[in-house]
Amino acid sequence: MQTHASLVPFLIEESAEVVDAIERELPAEEVRGELGDVLYQVLFHAALAERDGEGYDLDAIASGLNEKLIARHPHVFGDRGYLSVEELHAEWERLKEDAAGERRGSRGALEGIPAGMPALARAAKVVERLKRAGVLDPAAAYPNARVRADEDASDAEVETELGDALVDLVVRANALGVDPDRALRRAVDRLATRTLPEE
């Protein structure tokens with residue numbers, strides 16, 4: 001009998017297939033089909049919840065999403081008008097705190113980042129959140145990075161260079177018998193611990 005847990009690998013696989021279709025610039029019909037497979041996973045989870053009496057079904061998921069979108073995007077659905085990126089991030093954090101019944105400013109910079117995210121995606125999210133919180137400045141850590149990207153190379157060239165460097169690290173890890181995913185997870189945990197002030 002299928003459960004939410006038993007379906008997790010399929011949800012991950014179907015999501016990865018959407019990403020693959022988009023990044024390979026497959027025809028729109030193929031992207032649509034892959035998105036349909038992800039939607040099927042949502043339908044399947046909703047059916048399991050209904051079957052097992054968990055208190056929600058597809059209608060509850062859809063209406064909850066609708067309420068959340070409206071509540072968390074007053075600049076789109078309300079009369080807030082234009083907000084800068086910084087204002088949007090601050091507003092987003094305030095709205096999440098309000099929705100959770102938390103005191104303003106009580107959320108940690110890294111709160112809500114799933115531990116189960118792929119290690120590299122989690123690392124990028126942690127760095128971005130630390131940057132937004134003002135406790136990490138990637139440009140200060142790599143002062144020549146932006147200059148090089150702006151003056152010497154296109155975005156595609158920079159992406160290729162960084163991609164090759166990441167592959168080189170994975171090859172090095174393999175030669176050393178180290179799990180690169182685990183090494184990165186631990187490094188991100190160290191970065192978070194070292195960077196954020198103690199509560």
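Residues numbered from 1 in each chain as written. Predicted model: local features only at pLDDT ≥ 70, side-chain atom pairs only at ≥ 80, totals over all residues. Heavy atoms only, no water.

1. A short note on the nonpolar core
Next up, step 1: Core analysis: the largest hydrophobic core is formed by 8 residues, namely Leu110, Ile113, Ala123, Val126, Leu130, Val188, Leu191 and Ala192.
Next up, step 2: Only helix H6 (119-132) and helix H10 (180-195) provide two or more residues apiece to this core.
Next up, step 3: If sequence neighbours within four positions are ignored, Val188 has contacts with Arg122, Ala123 and Val126. (Core = buried A, V, L, I, M, F, W, Y, C linked by side-chain atoms within 4.5 Å. Buried < 20%, exposed > 50% of the residue type's maximum accessible area, 1.4 Å probe, protein only. Helix = DSSP H or I, 4+ residues; strand = E, 2+ residues; numbered from the N terminus. Contact = heavy atoms within 4.5 Å.)

2. Considerations on the packing of aromatic side chains
Next up, step 1: Going through the model one piece at a time under the given rule, you end up with 1 aromatic pair.
Next up, step 2: Taking the centre distance of 5.7 Å and the plane angle of 55° together, the rings of Tyr40 and Phe44 count as tilted. Separated by 4 residues within a single helix, Tyr40 and Phe44 lie in helix H2 (residues 28-51), roughly one turn from each other.
Next up, step 3: Overall, Phe44 belongs to the partly exposed group, its relative accessible area being 25%. (Phe/Tyr/Trp six-rings, centres within 6.5 Å; stacked < 30°, edge-to-face > 60°.)

3. Thoughts on the packing of H6 against H10
Next up, step 1: Packing of H6 against H10 brings their axes to within 9 Å, and their N-to-C directions diverge by 15°. Put simply, H6 runs roughly parallel to H10. For H6 against H10, the interelement crossing comes out left-handed. The segment H6 lies against H10, with Ala119, Leu120, Arg122, Ala123, Val126, Val127 and Leu130 engaging Asp181, Leu184, Arg185, Val188, Asp189, Leu191 and Thr195.
Next up, step 2: Among the residues forming the contact of H6 with H10, the class breakdown is 9 nonpolar, 1 polar and 4 charged. (Axes fitted to C-alpha atoms, helices over the stretch in contact; angles between N-to-C directions. Parallel < 35°, antiparallel > 145°, perpendicular 65-115°, else oblique. Left-handed = near helix turned anticlockwise from the far one by under 90°. Nonpolar A, V, L, I, M, F, W, Y, C, P; charged D, E, K, R; others polar.)

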